[in-house]
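Descriptive structure summary
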Amino acid sequence: MSLDVGVWGTQEIVLGQRKRLQLQVGKSFSGANINLPLMVWRAAEPGPVLGITGALHGDEINGTGAIRGIIQEPPFELKRGALILVPVLNIMGFERHSRYSPDRRDLNRCFPGSSTGSLSARLAKLIFSEVVARCDYIVDLHTAAVRRTNFPNVRADCDNADCERLAKAFGCEVIVNGTGPDCSLRKESVKAGCPTIVLEAGEVWKVEPAVQDLTTRGIVNVLNELEMTDSDAYEAPPHQVVVKETRWIRSETGGFLHFHVAPGEAVVKGQAVASSTSLLGMEKEVIRSPHDGIVMGMTTMPAVGPGDPVVHIALHITKHSQRKMEASIDGLEAGTIETDIRSQLATNITVTELEDDA
């Protein structure tokens, strides 16, 4: 961390203070100011600086809802360090309900940014020089892309000990080990010395209750791990697996889908995950999993063409881990975050049993 979290231009934030700030991004097409709103919350004692960011893609607002909840009704007492809370990073995309910036670029491929580049590159530079430069750690909150849903999973470079520590502390059932895409906020922040993890959970354009609960629990877990609170409580998931590879299972023909699995389910090699028919009910294809694993993402669009992604599977789970995970999922208690997540993410997906596999 190279910049003082207590000094933002001419504004000073002292120990024990919370303050809302506006960073000027640039000008709109009409010449009006575009500002990036954020809150800085300093505890009474010094300590680590944790950044919590949302809507790096402007339509992924589950994280925005979780950050707003922390601002309005904090579920913890911050004792040490500071939080930098940024509900929306891609403020220009957010205003347009769009994943992308007005210059049609993906902000999450523009880091560390440039002060003389495109509009997205300039915003990335502002975020990197004003937010990332003040953070010791970052938790970046995402959702699936449009017409998809993600079962909650943390993405982290587990070869970095601090990233692995944050990822395991957050408390998702699935951790995907990898460095992330080139020029992404996560990869570039880690390269700059700021350990960063990403949560992927839920759908675009929604603030989903169970996703909010899981996100808040994860952030509290991270704060406790970093000793920024006086609590040493850790709300652990029922199981946790680290995977290095994921793969989309795609349709081979066009058709209208029946889904046979839901987000968060364990699957075995050869299991039917979906099947498709013509609009008049003639069977076109049964889509089967080529591997053991866990369903970490799905399309929410039942009409597919050849090659369209249908189910996203986390792979490279050992047989022993697979059996333990299956038993753990089967034994989940009703009313927990894990069962609520599975129920709510499947709300818009009709899951049926394939007769031949019954």
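Along every chain, residues carry numbers that run from 1 in the direction the sequence is written. For a predicted model such as this one, the threshold for reporting local features is a pLDDT of at least 70, and the threshold for listing and counting side-chain atom pairs is 80 or more; totals across whole chains, interfaces and linings nevertheless cover every residue. Excluding hydrogens and water, the side-chain values take into account all heavy atoms of the structure.

**Looking at the overall build of the protein chain**
Condition: Numbering of helices and strands runs from the N terminus, with a helix taken as a DSSP run of H or I at least four residues long and a strand as a DSSP run of E at least two residues long. Radius of gyration here uses only the C-alpha atoms, and the compact-globule reference equals 2.2 Å multiplied by the residue count raised to the power 0.38. The buried label goes to any residue with under 20% of its type's maximum accessible area, the exposed label to any with over 50%, and the partly exposed label to all in between, with areas taken from a 1.4 Å probe on protein chains only. Here, residues are in contact when the closest pair of their heavy atoms is within 4.5 Å. The Shrake-Rupley method, run with a 1.4 Å probe sphere, supplies the accessible areas, and residue values consider only the shown protein chains as cover.
For the protein chain, the helix and strand inventory stands at 8 helices and 19 strands. By the compact-globule yardstick of 21 Å for 358 residues, the protein chain fits well, its C-alpha radius of gyration being 21 Å. Counting only residues that meet the buried cut, the protein chain has 55% of its 358 residues in that class. Nonlocal contacts in the protein chain, meaning residues at least 24 apart in sequence, comprise 70% of its contacts between residues at least 6 apart. For the protein chain, the exposed surface amounts to about 15,800 Å²; the carbon and sulfur share of it is 49%.

**Some thoughts on the nonpolar core**
For the record, the criterion: In this description, a nonpolar core means a group of buried Ala, Val, Leu, Ile, Met, Phe, Trp, Tyr and Cys residues linked to one another through side-chain atoms lying within 4.5 Å.
With 51 residues, the main nonpolar core has Leu50, Leu83 and Phe170 as its most contacted residues. Ignoring any residue separated from it by four or fewer positions in sequence, one finds leucine 50 in contact with Ala82, Leu83, Ile84, Cys135, Tyr137, Ile138, Val139, Val222, Leu223 and Met228.

**What to know about the sheet that holds strand 18 (residues 303-304)**
We count it as follows: Strands are treated as partners if at least two bridges between them are detected by DSSP.
Read across the open sheet, the 4 strands follow the order 16-15-13-18; overall the sheet is antiparallel. With one partner strand each, in any of the chains shown, strand 16 (283-288) and strand 18 form the two edges of the open sheet. One ladder, built from 4 bridges, connects strand 13 (residues 255-259) with strand 15 (residues 272-277); its direction is antiparallel. Bridging across to strand 15, phenylalanine 256 finds its partner in threonine 277.

**As for the layout of surface pockets**
We apply this condition: Here a cavity means grid points, on a 1 Å grid over the protein atoms only, where a 1.4 Å probe fits yet cannot get out; a pocket means an open set of points with protein on both sides within 12 Å along at least five of seven lines; lining residues are those with an atom within 4 Å of a point. Grid points are joined across faces, edges and corners, and a volume is the space filled by probe spheres set on the points. Amino acids outside the nonpolar list (Ala, Val, Leu, Ile, Met, Phe, Trp, Tyr, Cys, Pro) and the charged list (Asp, Glu, Lys, Arg) are all regarded as polar, and Gly is one of them.
Estimated volume of the largest pocket: approximately 570 Å³. Together, 24 residues line the largest pocket, and Arg99, Arg109, Arg155, Pro181 and Glu200 are the ones closest to its centre. Element by element, the count of residues in the lining of the largest pocket is highest for strand 8 (residues 148-156), at 3 residues. Looking at side-chain class alone, the lining of the largest pocket contains 6 nonpolar, 11 polar and 7 charged residues. A volume near 200 Å³ is recorded for the second largest pocket. Contributing to the lining of the second largest pocket are Lys27, Ser28, Phe29, Ile34, Asn35, Ile91, Met92, Glu95, Arg96, Pro102 and Leu119. At the level of elements, strand 4 (33-42) and helix 2 (91-95) are the ones that each hand at least two residues to the lining of the second largest pocket. Per element, the largest residue contribution to the lining of the second largest pocket is 3 residues, and it comes from helix 2.

**Regarding the pattern of salt bridges**
Note the threshold: What makes a salt bridge here is a side-chain nitrogen of Lys or Arg within 4 Å of a carboxyl oxygen of Asp or Glu, nothing more.
Counting across every chain of the model gives 15 salt bridges. Residue arginine 80 pairs with glutamate 45 through a salt bridge whose shortest N-O separation is 3.8 Å. Placement of arginine 80 in strand 6 (residues 80-86) and of glutamate 45 in strand 5 (residues 45-54) is noted, with a sequence separation of 35 residues between them. Its relative accessible area of 38% is what places glutamate 45 among the partly exposed residues. A network of salt bridges, in which partner residues are shared, links Glu45, Arg80 and Asp230.

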